[in-house]
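Descriptive analysis of the structure
So you can see what is in the structure, the chains are spelled out below.
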Amino acid sequence: MQTQDVTIKNRAGIHARPAALIVQTANEFECEIYLEKDNNSINAKSIMGIITLGAAYNSVVNVKTEGTDEEAALKAIVKLFENRFEED
Amino acid sequence: MTNMFTVLDLLDLDLKEHNELNLRCLCGRSGLANPIKEQDLNRPGLTLSGFFDGFQYNRIQVFGKGEAAYLKKLVAEGTLDSIKKFFEFKIPCCAFTTNLQPEKEFLDFAEEAGVPVLITDLNSSEFSRRLIRALNSIFADKKVVHATLVEVFGIGILLKGASGIGKSETALELIERGHRLIADDAVELSCVNGNLIIGRGVNDIAGHHMEIRGLGIINISHLFGVGAIRDSKQVQLVVELEEWDSNKVYDRLGSNETTIDYLGVGVPVVTMPIKPGRNIPIIIETAAMNERLKKLGYYSAREFNQNVLKWLEGQNARAAYYDKNNLK
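For chain B, the name recorded in an unreviewed UniProt entry is HPr kinase/phosphorylase, with Candidatus Thalassospirochaeta sargassi as its organism. Taken directly from UniProt, the Sequence similarities (unreviewed entry) text for chain B runs: "Belongs to the HPrK/P family." Per UniProt, the comment on chain B under Subunit (unreviewed entry) is "Homohexamer."

An unreviewed UniProt entry lists chain A under the name HPr family phosphocarrier protein, with Candidatus Thalassospirochaeta sargassi as the source organism. Listed in UniProt under the heading Sequence similarities (unreviewed entry), the comment for chain A reads: "Belongs to the HPr family."

Contacts between the two partners involve 17 residues from chain B and, on the opposite side, 14 residues from chain A. Regarding the contact of chain B and chain A, the summed buried area is about 1,300 Å², with carbon and sulfur atoms giving 60% of it. Along the contact surface separating chain B from chain A lie four residue pairs in polar contact (both at pLDDT 80 or more). Secondary structure elements with two or more residues in the side of chain B that touches chain A: β6 (142-146) and β12 (209-212) of chain B. With three residues, β12(B) is the largest single contributor of residues to the side of chain B that touches chain A. For the side of chain B that touches chain A, the class distribution of residues is seven nonpolar, six polar and four charged.

This part is about the pattern of salt bridges. Residues and elements named next belong to chain B. Counted according to the given criterion, the structure contains 16 salt bridges over all chains. Of the charged contacts, one joins glutamate 38 and arginine 59 as a salt bridge, the two residues approaching to 3.7 Å between their closest N and O atoms. Placement of glutamate 38 in the loop between β1 (24-27) and β2 (41-42) and of arginine 59 in the loop between α2 (45-48) and β3 (60-63) is noted, with a sequence separation of 21 residues between them. Residue class for arginine 59 comes out buried when judged on its relative accessible area of 17%. A salt bridge links lysine 73 to glutamate 77; its shortest N-O distance comes to 3.7 Å. On the criterion of helical spacing, the pair formed by lysine 73 and glutamate 77 is a turn pair, its members being four residues apart in helix α3 (residues 65-77). With a relative accessible area of 42%, lysine 73 lands in the partly exposed category. A single network of salt bridges, built from pairs that share partners, joins Glu151, Arg180, Arg230 and Lys233.

Segmenting chain B into domains produces domain 1 (7-139) and domain 2 (142-297). A straight line from the C-alpha centre of domain 1 of chain B to that of domain 2 of chain B covers 41 Å.

All names here are of chain B. Judged by pairing direction, the sheet is antiparallel, and its four strands sit side by side in the order β6-β10-β11-β14 without closing on themselves. What marks the edges here is a single partner per strand, and that holds for β6 and β14 (232-234). Put simply, the sheet's adjacent strands are angled 30° from each other on average, direction ignored. Across six bridges, the pairing between strand β10 (residues 186-192) and strand β11 (residues 196-201) is antiparallel. Residue pairing for β11: cysteine 191 is matched across the bridge by isoleucine 197.

Procedures and definitions
Here the residue numbering is sequential within each chain, running from 1 through the sequence in written order. Chains and ligands are labelled sequentially in the order written, the chains with letters from A and the ligands with numbers from 1. The model is predicted, so local features are restricted to residues of pLDDT at least 70 and side-chain atom pairs to those at 80 or more, both for listing and for counting; the totals for chains, interfaces and linings are taken over all residues. For the side-chain quantities, the full set of heavy atoms in the structure was used; hydrogens and water were omitted. UniProt positions are given in the numbering used here, feature names are shortened, and annotations may be inferred rather than shown by experiment. In what follows, a contact means two residues having at least one pair of non-hydrogen atoms within 4.5 Å. Buried area: the accessible surface (1.4 Å probe) lost by two parts on joining, summed over both. We call two N or O atoms a polar contact when they sit within 3.5 Å, provided that within protein one can donate a hydrogen and the other can accept it, with sequence-adjacent residues counted only if both atoms are side-chain atoms. In this description a helix means any DSSP run of H or I spanning at least four residues, a strand means any run of E spanning at least two, and both kinds are numbered starting from the N terminus. Charged residues are taken to be Asp, Glu, Lys and Arg, nonpolar residues to be Ala, Val, Leu, Ile, Met, Phe, Trp, Tyr, Cys and Pro, and polar residues to be all remaining types, Gly included. Definition used for salt bridges: Asp or Glu carboxyl oxygen within 4 Å of a side-chain nitrogen of Lys or Arg. For every residue, the accessible area (1.4 Å probe, protein chains only) is compared with the maximum for its type, and the residue is labelled buried under 20%, exposed over 50%, or partly exposed between those bounds. Where each domain begins and ends follows an automated or database-derived domain assignment. Two strands pair under a simple rule: DSSP has to find at least two bridges between them. To define axes, lines are fitted to C-alpha atoms, for helices over the stretch in contact only, and angles between the resulting N-to-C directions are given on a 0 to 180 degree scale.

Have a look at this one:
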């Protein structure tokens, strides 16, 4: 299992477009990917789940991956956050 | 819980009809961020009379007619010591019922101590009942699961399964057939009374929206009308969708009940293999009706087997009778 904390750096937070981006990336991997915030853990392969996290600007989300390609998956998801989902 | 429940959250609770608390804040706004950590109430009558032993100060303090009348008397007599001492404790908030207006002196102390004073038009017993009900659901054990919750023929069914297996599509067809959606993709389960699991959407923003691959995000209540949605529902059956595995043995009789544990409560679960040509929504409808039959005390599989046993016994007796009388 791999895990890492990430901070939301784009102003708008995780709205529909970033959520779709996360889901798209997550679906490229075999392993289970979870995002956790305030004790809520949701599957990163579900758009509505990610949006319901209510991850606003500057909030911290824990990314957790578990499975065969967990390392690559974690790296790819974290990179999305670091690139601010290609926003502002 | 990392999320604290504060007095402001209490005022902001969106409860409806018979659950409404009708609270307003009179003073002590600086204390609106006070956390409420206890789910019980306290009637501070004894405390106001000067007896502070065992004072449950960390609970919401409810002032009814008795307490309010006593306050009035204290203020009239000018003996404010116990009120002063009362506010030396770290009280989350005070609530006056039946629209009883507290004395100005009392409000001054509250303002100074940073304790919000709330007022409601409900009477004490009704307010206590509603408040305890609300606090019970707020402090209940909670868990968010990746699943879809629908109500089919009055039975709350939680659809589970791996991403992309078709939970949302199944739910969509059930809605199309006149059933209701509670939440899609992320369902918050809470344990009420220690024996019921209630499911609802995680928050109102995503409530009753669905993501269908190829379509995007759709709004169920706008598309299908308010009749197609529901805010919360008890989870009475879990349907686990999975890809058909020819090596796995699926339940063919339905006579042994398996349950899945959520927050310490066992919920009946059925595993449903998916294969092209299997009409899952219709099978789920049937499962829901079967579940209702069980609630009425009729177990199809068990009853059927009992009939088979009876019949076999009859055949047996018949054969024995023929044998004995050489009637063959």
